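One letter stands for each residue in the lines below.
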Amino acid sequence: KEKNPFPAVCGRVCTHPCEGKCRRAQLDQAIAICELKRFAADYELENPIPVEKPEITKDTKVAIVGAGPAGLTAAYYLAQLGHDVTVFEALPKPGGMLLVGIPEYRLPKDILNAEIDYIERMGVKIRTGVAVGKDVTIDDLKAEGYKAILIAVGANVSQKLGVPGEDLDGVVGAVEFLQDVNLGKNPKVGNKVAVIGGGNAAIDAARTALRLGAGEVHIIYRRQREDMPADEGEIAEAEREGIKIHFLTVPTKMIGRDGKLTNMECVRMSLGEFDRSGRRRPVEIEASNFVVDVDMVISAISQRPDMSVVAGRSGIETTKWSTVVADTRTLATGELGVFAGGDCVHGPDTVIQAIADGRRVAMEIDKYLGGSGEIPVSPDLGREQVSEIHEEQMPRQHPGVLPVDRRSGNFSEVVDKFTEAQALFEASRCLRCDVKD
């Protein structure tokens, strides 16, 4: 937890970019870093390390707007550095997009709550149900004596599709849909559901709709399978559950009767020249329009932060993508004492990016308030002591998964953790490239 206060969360939902750098992949397959971290983190949850609550040693109050991964991570480290930290969260519970944006079959609430509880026991105060920009303003926080303020709101608003008819009853955003489900509002789903998009939010929305009783769920994606930004494992599990994915297809119109969605018009696409993303640009095939019957459409093409928190503040610049302009090095905004990090700076990004921003901005805020900006870490644990390196072929271990026939109508966690034997075997595959010759 020195570098990451959410190891059990990341062990379940991280996109594990670190595995792309793993040299074991040159021999067979990368180390299952994510699963190994989950195994260690789950062990700690079952055998808790006593919390050493740091003393408030500095006469500085810090306010954090948003109790998501960026905000809570910053709070965790600022508390360690001796600051008096309060987090303000508009939702009724802390967690931000970890709480409302990820289905429980991927991230159980008890796991998230346990790691948030650890942060609270570190001395961080969390005030829920308080919307900064509405219930209180940044000026109010300054008047209450907060010497630094961090804006860390998530990308919590779905982007519109931009097609006729999307205001019909039955067309919803993935962010809002998942939020309602995660807050226990039990939204009603249609019999034939279409999800528009190819990212993790689209997969999450589709698999959630299926669990809520949808008869059919289809994902509509404008590119090819290999272009989908969603995690490959999540795509495969969605297909195993019976979700159909339609590639090179784009919706062009929502059709309804008496204000309610009844059909969706789509068009086929072909692949044209490569674009800036390195993928071939989809091009509409003339006269390829067709209409399908649907009674619910979930838009998951993208999402953006709600910037009402900084509305009307001349010192804080925002972009056309509804993000805050912050210094790339310090994450400071144009208003003295106000910082920003996470999705509200980068747009929708990964959990680990938000955590990284939270840690970095905590150091910068500490420096701004007169501290060293140095987060203490443990001494080296003797990594040069390596007993044996295995360079022969060793198969990567894979965790068990809940059988498909036991997933219907519930949100039980799908992916299991490693057994102890699997974790030990997987760890033994490491080539120890951190060891100096």
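All of the points below concern the structure found in this document. Only a predicted model underlies this, so the values are computations on that prediction, with no experimental measurement involved.

1. Structural notes on the packing of aromatic side chains
Here comes step 1: Taken as a whole and assessed by the stated rule, the structure comprises five aromatic pairs.
Here comes step 2: Plain terms: the ring middles of Tyr76 and Tyr118 are 6.4 Å apart, the flat faces sit at 40° to each other, and that makes the pair tilted. You can see Tyr76 sitting in helix α3 (residues 69–80) and its partner Tyr118 sitting in helix α5 (residues 109–121), a full 42 residues away along the chain.
Here comes step 3: You can call Tyr118 buried: its relative accessible area is 11%.
Here comes step 4: Considering the side-chain rings of Phe339 and Tyr368, the 5.6 Å spacing of their centres and the 70° angle between planes classify their relative orientation as edge-to-face. Of this pair, Phe339 sits in strand β16 (residues 338–340) while Tyr368 sits in helix α11 (residues 351–368); the two residues are 29 residues apart in sequence, bridging distant segments of the chain.
Here comes step 5: According to the relative accessible area criterion, Phe339 is buried, its value standing at 4%.
Here comes step 6: Judged by its relative accessible area of 36%, Tyr368 is partly exposed.
Here comes step 7: Aromatic rings pair up to connect Tyr76, Tyr77 and Tyr118 into one cluster.
Here comes step 8: Directly above the aromatic system of Tyr146 lies the positively charged group of Lys61, at a separation of 4.4 Å from the ring centroid.
Here comes step 9: Above the ring of Tyr105, the side-chain terminus of Arg211 is found at 4.1 Å from the ring centroid.

2. Things to note about the state of the cysteines
Here comes step 1: Using the criterion set out here, one finds zero disulfides in the structure.
Here comes step 2: The thiol sulfur of Cys344 is not disulfide-bonded, and the nearest other cysteine sulfur, from Cys10, lies at 18 Å.

3. A word on the pattern of salt bridges
If charged atoms from side chains of opposite charge come close, those side chains can pair.
Here comes step 1: For the coordinates displayed, the defined rule picks out 32 salt bridges.
Here comes step 2: With a shortest N-O distance of 2.5 Å, Lys142 and Glu335 are connected by a salt bridge. Note that Lys142 is positioned in helix α6 (residues 138–143) and Glu335 in the loop between β15 (303–304) and β16, a separation of 193 residues in sequence.
Here comes step 3: Residue class for Lys142 comes out partly exposed when judged on its relative accessible area of 33%.
Here comes step 4: For Arg211, the salt bridge is made with Glu241, and the minimal N-O distance between the two is 2.9 Å. In this pair, Arg211 is assigned in helix α8 (residues 200–211) and Glu241 in the loop between α9 (232–240) and β9 (244–246), connecting sequence segments 30 residues apart.
Here comes step 5: Shared partners join several salt bridges into a network, and the residues in it are Arg106, Asp204, Arg207, Arg211, Glu234, Glu237, Arg240, Glu241 and Arg407.

4. Some points on empty space enclosed by the protein
Here comes step 1: Inspection of every chain in the model, using the stated rule, returns one cavity of 30 Å³ or more.
Here comes step 2: Within this model, the largest cavity holds a volume of roughly 60 Å³.
Here comes step 3: Lining the largest cavity are Lys53, Pro54, Glu55, Ile56, Ala79, His83, Asp84, Val85, Met122, Gly123 and Val124.
Here comes step 4: Residue classes in the lining of the largest cavity are distributed as six nonpolar, two polar and three charged.

5. Section: the sheet that holds strand β2 (residues 84–89)
Here comes step 1: Strand order across the open sheet formed by five strands is β3-β2-β1-β4-β16, with parallel pairing between neighbours. Unpaired on one side and paired on the other, β3 (125–128) and β16 mark the two borders of the sheet. The average undirected angle you get between the axes of adjacent strands in this sheet is 20°.
Here comes step 2: Looking at chain direction, strand β4 (residues 146–151) and β16 are connected through three bridges and run parallel. Bridge assignment links Leu150 to a residue of β16, and that residue is Phe339.
Here comes step 3: Across the sheet, α11 touches β1 (61–65), β4 and β16, and the angle it forms with β4 is around 160°.

Calculation rules
Residues numbered from 1 in each chain as written. Predicted model: local features only at pLDDT ≥ 70, side-chain atom pairs only at ≥ 80, totals over all residues. Heavy atoms only, no water. Phe/Tyr/Trp six-rings, centres within 6.5 Å; stacked < 30°, edge-to-face > 60°. Helix = DSSP H or I, 4+ residues; strand = E, 2+ residues; numbered from the N terminus. Buried < 20%, exposed > 50% of the residue type's maximum accessible area, 1.4 Å probe, protein only. Lys NZ or Arg CZ within 6 Å of the ring centre and 35° of its normal. Disulfide = S-S within 2.5 Å. Salt bridge = Lys/Arg side-chain N within 4 Å of Asp/Glu carboxyl O. 1 Å grid on protein atoms, 1.4 Å probe; cavity = no way out; pocket = protein on both sides within 12 Å on 5 of 7 lines; lining within 4 Å. Points joined across faces, edges and corners; volume = space filled by probe spheres on them. Nonpolar A, V, L, I, M, F, W, Y, C, P; charged D, E, K, R; others polar. Pairing = 2+ DSSP bridges. Axes fitted to C-alpha atoms, helices over the stretch in contact; angles between N-to-C directions. Contact = heavy atoms within 4.5 Å.

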